[in-house]
Amino acid sequence: MTDNPPKLSAPPWASIEWSVMRAAREIRRSFDEVFSDFDLNLSGAALLALIVEHGALSQTKLGASLQMGRASAGALVDDLEKRGFVQRQSDPLDKRVWLVALTDEGKELAAQIDQRHREVRECYPNVSNEKERSTITGVLDLITDNLQQERERNSKSNKGES
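Here's a quick rundown of the structure.

Thresholds applied
Residues numbered from 1 in each chain as written. Predicted model: local features only at pLDDT ≥ 70, side-chain atom pairs only at ≥ 80, totals over all residues. Heavy atoms only, no water. Core = buried A, V, L, I, M, F, W, Y, C linked by side-chain atoms within 4.5 Å. Buried < 20%, exposed > 50% of the residue type's maximum accessible area, 1.4 Å probe, protein only. Helix = DSSP H or I, 4+ residues; strand = E, 2+ residues; numbered from the N terminus. Pairing = 2+ DSSP bridges. Expected span 1.5 Å × (residues − 1). Contact = heavy atoms within 4.5 Å. Axes fitted to C-alpha atoms, helices over the stretch in contact; angles between N-to-C directions. Parallel < 35°, antiparallel > 145°, perpendicular 65-115°, else oblique. Nonpolar A, V, L, I, M, F, W, Y, C, P; charged D, E, K, R; others polar.

All right, on to the nonpolar core then. Within the largest apolar cluster, 24 residues are counted, with the highest numbers of intra-cluster contacts made by L47, L48 and V86. At the level of elements, α1 (15-34), α2 (42-54), α4 (70-82), β3 (94-102) and α5 (104-121) are the ones that each hand at least two residues to this core. Considering each element in turn, this core owes the most residues, 5 residues, to α2.

Now for the pairing of β3. One ladder, built from 2 bridges, connects strand β1 (residues 57-58) with β3; its direction is antiparallel. Of the residues in β3, the one forming a bridge with S58 is L99. Pairing between strand β2 (residues 86-91) and β3: 6 bridges, direction antiparallel. The residue bridging V86 from the neighbouring strand is L102, located in β3. Here β2 folds back onto β3 in antiparallel fashion, the turn holding 2 residues.

The end-to-end C-alpha distance of helix α6 (residues 130-158), which contains 29 residues, comes to 42 Å, matching closely the 42 Å that a straight helix rising 1.5 Å per residue would cover. Two residues or fewer past α6, G160 is found with a positive phi of approximately 85 degrees.

An order of β1-β3-β2 is seen for the 3 strands of this open sheet, with the pairing classed as antiparallel. With one partner strand each, in any of the chains shown, β1 and β2 form the two edges of the open sheet. Running at roughly 105 degrees to β3, α2 makes contact with β1, β2 and β3 of the sheet.

Below, the discussion takes up the packing of α2 against α5. To characterise two packed helices, one gives the angle between the axes of the helices and the distance between these axes. Where α2 contacts α5, the two axes come as close as 10 Å, and the packing angle between them is 110 degrees. In this view, α2 runs roughly perpendicular relative to α5, as classed from their interaxial angle. Along its contact with α2, which presents A45, L48 and V52, the element α5 presents L109, A110 and I113. Here the residues of the contact of α2 with α5 are counted per class, giving 6 nonpolar, no polar and no charged.

What follows is the structure, encoded as structure tokens:
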């Protein structure tokens, strides 16, 4: 008998769903631990990375990308703003919208986080190569997009919209 905990493999938990949930939980725990000395969790690090990659973004877009509600995204932005890593600035195209941009301190922190992220990812080749990770990412993105679209369709049909 082994000391390994049992894994779900029978319906209603098909193995892909269970495996994804377990992997997501462990990834989150690992990254939260890795970023703890920055006093950031994965959501905070991801928010900074989104701004690095895409430039200043609205709080609404950041929340949607991070799959957070408006209140949670606002609280995260508020915290990062108080700490001097981001700043709100008016959108030149729509004065009603505030964009969230990195400060110089935020850019420096984002560079440190990127380096730390690269170090963490160095363990990935032990389990898969870049092509396999790319395939897995594509499949997971497709599953996520399809489930979100189905949930939106169901929400609209429940409200009597077409």
